[in-house]
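Examining the three-dimensional arrangement
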Amino acid sequence: MSATTMRAPLIEDVVKPGETVSSMTEQVCAVALGERNYLWWWIALVPSAALLGLMVVSVLWLFYQGIQVWGNDWPNVWGFPIICYVWWIGIASGGTFISAFFFLTRAEWRTSINRTAETMTLFTAVCAGIYPILHLGRPWFFYWLFPYPNTMTLWPNFKSPLMWDFIAIFAYIISSVIFWYIGLLPDLAALRDRARSRYAQIAYGIAALGFRGSGTQWRHFRGIYGVMAGIMAPMVCSVHSVVGLDFAGGQMPGWHATDYPPFFVFGAVFSGFATVLLLIIPIRHFWGLRAYITQRHIDVLCRLTLTASCCVAYAYLMEVFSVYYGQDPAELRMFHARVFGFDASVYWATIVLNCLIPQLYWFRTIRRNIPLVVLISVGVVAGMWLERYGIVIQVPHRPHLPSAWGYYHPTFWDWSLFAGTCGLFLTGFLLTIRFVPALSMFEMREVLTGRNPSS
Amino acid sequence: MILGSFASEKELMRAVDALRSKELGPVETYTPSPPEGEHFILKLVMLIAGLLGTAAGFGMQAYATGISYPIDIGGRPNVFWPAYIPFAVETGFLAAMLAGFIGFLIVNCLPTLYDPIDESDSFRRASLDAWLLAVRTGDPDRAQRVMDILRRLEPVRLEELAS
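Residues numbered from 1 in each chain as written. Chains lettered and ligands numbered in written order. Predicted model: local features only at pLDDT ≥ 70, side-chain atom pairs only at ≥ 80, totals over all residues.

A few points about helix 16 (residues 441–448) of chain A
Residues and elements named next belong to chain A. Put simply, the rule is: Here exposure depends only on C-beta density: within 10 Å of a residue's C-beta, 20 or more other C-beta atoms make it buried, 12 or fewer make it exposed, and intermediate numbers make it partly exposed, the C-beta atoms being placed from the backbone. Helix and strand definitions here come from DSSP, where helices need a minimum of 4 consecutive H or I residues and strands a minimum of 2 consecutive E residues; each element is numbered from the N-terminal end. For the purpose of contact definition, each residue receives a C-beta atom placed from its backbone, and two residues are in contact when these atoms lie within 7 Å.
Counting buried positions along helix 16 gives seven out of eight residues, so the element sits mostly inside the fold. Listed as buried for helix 16 are Met-441, Phe-442, Glu-443, Met-444, Arg-445, Val-447 and Leu-448. Where the residues of helix 16 are buried, they touch helix 2 (21–32) and helix 6 (161–194). Backbone geometry just after helix 16 places Gly-450 at a positive phi near 85°.

Shown next as structure tokens:
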């Protein structure tokens, strides 16, 4: 064996050599057209659907009993729903960031993972979107948040970050669906043309809306796709910044900080990168896409996770700095309770999982070790949940007035709804990657024929 | 309708040039990957829609808090423009995205679930590895001339379909 094959090249290919347009299309279409073994897919889908069932039960029980089934009470009126809301929307942001931002930077590795990232965004954004509505207490009045002409002649409060958040999430979910669907049209058309059963032809034919790859369609497609990516990239930053403003707009010591919007964006893309890693690793294995989602993609995502980890670590450091530099007694009290209090383990677990362990990604051997990458990514996703626990739960324990101090205990229904939204995400994601191509075929065609799709 | 199928983009472009130079009517290509160039019009539509969406979002907030329902909260001004920016930006983004999507459907007359070209078997490969061109004409004389030109360029397949 020669020296070159003993050691892997420093920059791996984004596609395994020898793959052609036909082999790629056949392999990717085979999944959607029911020509593969779906055993693992069923093994994943059944428990996910069971969790989705748990969500339905939790929501119905919530509607029947009201918010009292949760642990929400003063001083923790936000509780689990807002932890999970911020966590889910953060993961969603990471997906859009990969798909839109790296389209604009012409990153050649983006092409085979953008579909997975966008699909992830879609369903995590849905999970995020339902939480604030359920948290309203009277969810059937959620439309009161829209500025619509009403008999009460009232308007929503446009000076409140919570109102901005509503419109930001609303616009973000619709835009994510549009961005995902527009990018999917050529692939749905390809599936329509490959499908053998009449039902599949009709279903994909309707879904493709009559996209036929004509010169006019393609030229308009190219025209808008770049602009849409250019909108989605700043939009994702604005959405999570507004989530940060929900907190920064409050007077609570520990929330009232100008660094919250960028701090939240860092955390969002951090958890998003880790989740994309957790999704593409099984997909490339089970759908047989190792030739297109290569070690290179995993390596790049690990590096991005590392970069985001450093940004998050910087934000944590600045949080410490501003507390001690400001010397505000309420801030100090709150911070000491978080760092040395009886549940200080949450804070320290956040630091270890989000800042320390991802530093292992500096080493190439770690980035190439798939089981370790999975473990570290699970740690990041859990660590980011704990970070939001610290922000949403621990910070309000110590408001300015000692008379308002208190504690929070989640109930079974808090946990069951959280598990249920995980089921909603997994079920939606699994169904989507079963019926639509798990990677963007028309963009892969350009990679395989040596044309950069984004240029 | 005359439908010619070619094995590569280069051969297709040669055929398109040959037909265009003879001025035999509009030629449409059907290709697995986007051809060179892009149309500008929808970008402009998205820009205008984005700006209008932003202006509308901003204007609605100014109207709501300044004219329709002014309310004194701690002596703050009724028209407090910095607070309107996040909302206005998001409505602008949303308007641009919707305009791009709806505009894409309108300019391409989508959804069009049936097209005579669907009758051809070679069209099914246009989303894989075949590079097609179609000339839609009801004039048999012109159709014959198109056929003659294309035949000389050695297409993989040449068909005449009812259009």
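Continuing now.
Some thoughts on the interface of chain A and chain B
Put simply, the test is: Polar here means any residue other than Ala, Val, Leu, Ile, Met, Phe, Trp, Tyr, Cys and Pro, which are nonpolar, and Asp, Glu, Lys and Arg, which are charged; Gly is therefore polar.
Each side of the interface is counted separately: chain A has 48 residues, and chain B has 49 residues. Here the residues of the side of chain A that touches chain B are counted per class, giving 26 nonpolar, 15 polar and seven charged.

Concerning the confidence of the model for chain B
Just so we agree on the cut-off: As a per-residue quantity, pLDDT reports the predictor's confidence and falls between 0 and 100.
For chain B, mean pLDDT is 89; residues scoring 70 or higher make up 100% of the total. Interface scoring of the predicted complex returns ipTM 0.93; its pTM is 0.93.

Some thoughts on the domain arrangement of chain B
Quick note on the threshold: These domain limits were set by an automatic method or by a database of domain assignments.
What the domain assignment reports for chain B is domain 1 (2–32 + 128–160) and domain 2 (41–107). A C-alpha centroid distance of 47 Å is found between domain 1 of chain B and domain 2 of chain B.

A look at the packing of helix 4 (residues 79–104) of chain A against helix 9 (residues 260–286) of chain A
Residues and elements named next belong to chain A. Our working rule: All axes here are fitted lines through C-alpha atoms, helices being fitted over the stretch that makes contact, and every angle between N-to-C directions spans 0 to 180 degrees. Angle categories are assigned with fixed cut-offs, so that under 35 degrees is roughly parallel, over 145 is roughly antiparallel, 65 to 115 is roughly perpendicular, and the rest are oblique.
One way to put it is that helix 4 packs onto helix 9 with a least axis distance of 6 Å and a crossing angle of 75°. One way to sum up the angle between helix 4 and helix 9 is to call them roughly perpendicular. On the side of helix 4, the interface is formed by Gly-90, Ile-91, Ser-93, Gly-94, Gly-95, Phe-97 and Ile-98, while helix 9 contributes Gly-267, Ala-268, Val-269, Ser-271, Gly-272, Phe-273, Thr-275 and Val-276. Looking at the contact of helix 4 with helix 9 residue by residue, the class counts come to seven nonpolar, eight polar and no charged.

Looking at the confidence of the model for chain A
This prediction gives chain A a mean pLDDT of 91; 96% of its residues lie at or above 70. Counting interchain partners and residues more than four positions distant, the pLDDT-below-50 stretch residues 1–8 of chain A has one contact.

Remarks on unusual backbone geometry
Note that the residue after Trp-74 of chain A, namely Pro-75 of chain A, is joined by a cis bond; omega there is 0°. Looking at the element boundaries, Pro-75 of chain A is found in the loop between helix 3 (39–65) and helix 4. Across the junction of Leu-110 of chain B and Pro-111 of chain B, the peptide omega takes the value -5°, indicating a cis bond. Relative to the assigned elements, Pro-111 of chain B resides in the loop between helix 3 (85–107) and strand 3 (131–135). With a phi angle near 60°, Arg-106 of chain A is a residue other than glycine that sits in the positive phi range. You can see Arg-106 of chain A is positioned in the loop between helix 4 and helix 5 (114–135). The phi angle at Cys-109 of chain B is positive, at roughly 55°, despite the residue not being glycine. Within the secondary structure layout, Cys-109 of chain B lies in the loop between helix 3 and strand 3.

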